[in-house]
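A look at the structure
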Amino acid sequence: MKKIRYKLISAIFAIVTVLGGGSFMSLTAQYPSVYPRFDIKENVKFIKDDGTVVYLNNVEGDTVVEFELIQKKGNFFQAKANVYLLPDCFSIGSGLIPDTEYIVTLIRVPLDFIVETYGKSNDIRLYTTPDNKGVYEICENPGEAKVVDVDGKWLKIEFERDGSVFQGWIPEEEQCHDPWSACTG
């Protein structure tokens, strides 16, 4: 049901884009985008630069909270927060979010026709360092992974598969910055 809902939202997003509407179109991510897990009921604490505390989540209606991660600071990420409520996007501002299991990135999934036509698999490369020069391990795409660290547009992720914990860096092209798009499968 969730997949159908997001595909429907994706279609609405595409129509709004073609028709030129939607004020959120002017907000473009300069940093990697991450989200609170869609299945959590808890709110994510966001401490704005001015000290104001805001609690955000993705649970209500078609609201999606996006955090652009700037850097890691101890047990927190410095981030910019945006709230998407179709057809608008509201910037909450910049501040800190706790480094918790609830902050995840969506991993890009190749479309079926790309896999069939070009033979591209659903595997991802987990690098040991945040650059294309490091050693990497190929593993099956988890779809969603906990964010552990950030370095520029690279995210260090962690996920569990078949009782094993995988951790490594993924480049921007492996990240899905838009939960409404087809890149999440």
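An account of the accompanying structure is given in this report. Worth saying up front: this structure is predicted, and the values here are computed from it rather than measured. (Residues numbered from 1 in each chain as written. Predicted model: local features only at pLDDT ≥ 70, side-chain atom pairs only at ≥ 80, totals over all residues. Heavy atoms only, no water.)

Another aspect to go through is the overall build of the protein. Each helix and strand counted, the protein has 2 helices and 13 strands in total. Burial status across the protein gives 36% buried among its 185 residues. (Helix = DSSP H or I, 4+ residues; strand = E, 2+ residues; numbered from the N terminus. Buried < 20%, exposed > 50% of the residue type's maximum accessible area, 1.4 Å probe, protein only.)

Here strand 11 (residues 154–161) runs beside strand 12 (residues 164–170); their pairing, made up of 7 bridges, is antiparallel. If you follow phenylalanine 159 over to strand 12, its bridge partner there is phenylalanine 166. Turn length for the strand 11-strand 12 hairpin, with the two strands adjacent in sequence and antiparallel, is 2 residues, and the turn residue aspartate 162 shows positive phi of about 50°. (Pairing = 2+ DSSP bridges.)

Next up on the list: the side chain of glutamine 175. Its location among the elements puts glutamine 175 in strand 13 (residues 175–176). For glutamine 175, a relative accessible area of 0% puts it in the buried group. Within polar-contact distance, the side chain of glutamine 175 engages the backbone oxygen of proline 171 at 3.3 Å. Other than its neighbours up to four places away in sequence, glutamine 175 contacts Pro32, Thr105, Leu106, Arg108, Lys153, Trp154, Leu155 and Ile170. (Polar contact = N/O pair within 3.5 Å; in protein donor to acceptor, adjacent residues only side chain to side chain. Contact = heavy atoms within 4.5 Å.)

Before going further, it helps to examine the pairing of strand 5 (residues 76–85). Of all 10 residues that make up strand 5, 7 are buried, and the element is covered over most of its length. Counting the residues in the hairpin turn of strand 4 (residues 63–73) and strand 5 gives 2 residues, including glycine 74, whose phi is positive at 60°. Sheet analysis places strand 5 next to strand 6 (residues 88–98), joined by 10 bridges and oriented antiparallel. Its bridge partner being in strand 6, valine 83 is matched across the sheet by phenylalanine 90. Between strand 5 and the antiparallel strand that follows it, strand 6, lie 2 residues.

It is worth stressing that arrangement in space is one thing and function is another; only the former is reported here.
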